[in-house]
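Observations on the model geometry
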Amino acid sequence: MNKNQNVLTEIRDSVNSFVGREVMIKANRGRRKSLEKEGVLEKTHQNIFVVKINDHQQIRRLSYSYADLLTDNVELKLKSENEKIGII
């Protein structure tokens, strides 16, 4: 396993420990656009994690890769503590 895979594994393990908790997510969408939502970290998979968002009576699920956290394209924080998740 090379160093990059090891870092992504550590990020995945960190994110996995917060499954079921309320989170704030901020995602860069390009061209100075960003998405900021509150939701629940629903589940983690090998390469992605899923955040469940209740958006105006409609439930949506957004998925992001752990590499998005590593490159700061996505910022994930615990809602209660305002502490970043997945940063090593």
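Let's talk about the environment of K33
- Tracing the backbone through its elements, the reader meets K33 in strand β2 (residues 33-44).
- Each residue touching K33, except ones within four places of it in the same chain, is listed here: A27 and N28.

Some details on the sheet that holds strand β3 (residues 48-55)
- Taken in spatial order, the five strands line up as β4-β3-β2-β1-β5 in an open sheet, and their pairing is antiparallel. Only two strands of the sheet have a single partner each, and these edge strands are β4 (58-65) and β5 (74-78). Across the sheet, the mean angle separating the axes of adjacent strands is 40° when strand polarity is ignored.
- Where β2 and β3 come together, four bridges link them in antiparallel fashion.

What counts, and at which threshold
- Residues numbered from 1 in each chain as written.
- Predicted model: local features only at pLDDT ≥ 70, side-chain atom pairs only at ≥ 80, totals over all residues.
- Heavy atoms only, no water.
- Helix = DSSP H or I, 4+ residues; strand = E, 2+ residues; numbered from the N terminus.
- Contact = heavy atoms within 4.5 Å.
- Pairing = 2+ DSSP bridges.
- Axes fitted to C-alpha atoms, helices over the stretch in contact; angles between N-to-C directions.

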